[in-house]
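Secondary and tertiary structure notes
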Amino acid sequence: MQQQEDGHQPVGSHLDNTSTKTGQEVTGIGRHDPGMTTEFPEPTRIPVNGVELEVFEAGRQNAGNPIVLCHGWPEHAFSWRHQMPALAAAGYHVIVPNQRGYGNSSRPTEVTDYDITHLSGDLVALLDHYGYDDATFVGHDWGAAVVWGLTLLHPNRVNKVINLSLPYLERGDRPWIEFMEDVLGSDFYFVHFNRQPGVADAVFEENTFQFLRNLYRKDVPVTEPQPGNVWINLARMETPPGEPIMSDDELAVFVSAFESTGFTSGLNWYRNLDRNWRLLADVNPIIQQPALMIYGDRDTVARSERLTEFVPNAEVVSLDCGHWIQQEKPEETNRAILKWLDQRDVI
């Protein structure tokens, strides 16, 4: 597995608590708010794979040309608000689920219900719902991990891959969490989430607004690493680092969502990492689909030095930004994605 020193860049917004819409229903983001940069569609709830997913769509008139956008942690379908209209205008049927555990989608209680088999199965069932044999899949952060896993487990359902921030994860010969614990220690957040279940969950829930405000930042100064779990430290930080990447109203959507759901279901994705390692044991590790990998130059997630060994048809684009690529640099992200898709269509 490609290692990283800190995973996500501690990056979020400059809200104060008085401006947080704590009572806002996430489904209300479909109504236009003049404080937001773009209007977001109303969702529908779709039964798939034993759960229900809250799904947002754009470009339904482009049926037959699907593209599915998969968010990461701790995110929401709303993180793709800048990409949806651009992709719809370019002729795509844009499908953006809140994946299981997020927003108003189902939140199963069993940890193992969030392994790669379940998460990829949800996306396959979503294609079945719309009657699509395959689609282009786009992922950011944990969403990228799911798209890589989906492509390995269900290669016939994926025609192209576009992933942001998180490159292909080499499986290696040892379970990922076990390896991280030996190399990076018990405080490394992947390890902490697995070995101390419930601890980080409680801290994030006690400090939901502050955590998300401090997280969604850009131009974060480089500082010396502090003892402890980097994300717990960030959640308890009273003064946010860097600059916000979104407006107060946009941040309020994320805050409202996680005040409603808590963080445990999203953290359960991390708690399946070694299970995923075992589930992928007998899978062909080579991805043949055309792939676009978009990195942020200032993202702390490590790049893959051997990407094309596992994804031989991958191309790489780098943008001058941190971890929250599609929200920090929406126009540049859209241009990179659309240019690459246009070139693939010509081919």
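Further up the page is the structure itself.
Below is a short write-up of the structure. Note that residues are indexed from 1 along each chain, following the sequence as it is written. Restriction of local features to residues with pLDDT of at least 70 applies here, the model being predicted, together with a cutoff of 80 or more for giving and counting side-chain atom pairs; totals for whole chains, interfaces and linings are based on all residues. Remark: hydrogens and water are excluded; side-chain values derive from all non-hydrogen atoms of the structure.

Each Phe, Tyr or Trp ring (for Trp, its six-membered ring) is paired with any other whose centre lies within 6.5 Å, and the angle between the two planes then decides the class: stacked below 30 degrees, edge-to-face above 60, tilted in between. Counted under the stated rule, the structure contains 29 aromatic pairs. Between tyrosine 168 and phenylalanine 310, the aromatic rings sit 5.0 Å apart at their centres with planes inclined by 20°, giving stacked as the arrangement. Taken together, the residues span a long stretch of sequence, with tyrosine 168 in the loop between strand S6 (158-164) and helix H4 (176-184) and phenylalanine 310 in helix H12 (residues 307-310) at a distance of 142 residues. Measuring from ring centre to ring centre gives 5.0 Å for phenylalanine 188 and tyrosine 189, while their planes differ by 55°; the resulting arrangement is tilted. Residue phenylalanine 188 shares its accessibility class with tyrosine 189, and that shared class is buried. Think of it as a cone above the ring: NZ of Lys or CZ of Arg counts as a charge over the ring if it is within 6 Å of the ring centre and within 35 degrees of the ring normal. Sitting over the ring of phenylalanine 78, arginine 81 keeps its end group 4.6 Å from the ring centre. By definition, any uninterrupted DSSP run of H or I lasting at least four residues is a helix, any uninterrupted run of E lasting at least two residues is a strand, and each is numbered from the N terminus. Whether a residue is buried, partly exposed or exposed follows from its accessible area with a 1.4 Å probe, protein chains only, as a fraction of its type maximum: under 20%, in between, or over 50%, in that order.

What follows covers the nonpolar core. If you look at the biggest cluster of nonpolar residues, it comprises 106 residues, and the most contacted ones within it are Trp73, Val94, Phe137, Phe204, Phe211 and Leu212. What phenylalanine 137 contacts, discounting residues up to four positions off in sequence, is Val68, Cys70, Leu123, Leu127, Val147, Leu150, Arg157, Val158, Lys160, Val161 and Ile162. Joining through side-chain atoms within 4.5 Å is the link that ties buried Ala, Val, Leu, Ile, Met, Phe, Trp, Tyr and Cys residues into a set, and such a set is a nonpolar core. In this description, contact between two residues means that some pair of their heavy atoms is separated by no more than 4.5 Å.

Let's shift gears to the sheet that holds strand S4 (residues 93-98). A strand pair is defined by DSSP finding two or more bridges across the two strands. Pairing is mixed in the open sheet, where eight strands are placed in the order S1-S2-S4-S3-S5-S6-S9-S10. With one partner strand each, in any of the chains shown, strand S1 (44-48) and strand S10 (314-319) form the two edges of the open sheet. When strand polarity is set aside, the average angle formed by the axes of neighbouring strands in this sheet is 25°. Where S6 meets strand S9 (residues 291-296), four bridges bridge the pair, whose relative direction is parallel. Bridged to leucine 164 within S9 is isoleucine 294. Geometry is summarised by axes, namely lines fitted to C-alpha atoms with helices restricted to the contacting stretch, and by angles between N-to-C directions that run from 0 to 180 degrees. On top of the sheet, helix H2 (residues 116-130) reaches S1, strand S2 (51-58), strand S3 (66-70), S4 and strand S5 (135-140); it is set at about 110° to S1, its chief contact.

To continue, consider the environment of alanine 86. Note on placement: alanine 86 falls in helix H1 (residues 83-89). Taking relative accessible area as the criterion, alanine 86 reaches 21% and is therefore assigned partly exposed. With 244 residues separating them in the primary sequence, alanine 86 and proline 330 have C-alpha atoms 10.0 Å apart. Sequence-distant contacts of alanine 86, that is, excluding residues within four places in its chain, are made with Asn334 and Leu338.

Inspection of the secondary structure puts proline 197 in the loop between helix H5 (189-195) and helix H6 (199-206). Exposure remark for proline 197: the relative accessible area of 57% places this residue in the exposed category. Along the backbone, proline 197 and threonine 264 are 67 residues apart, and their C-alpha atoms lie at a distance of 8.7 Å. The residues contacting proline 197, other than those within four sequence positions of it, are His192 and Arg271.

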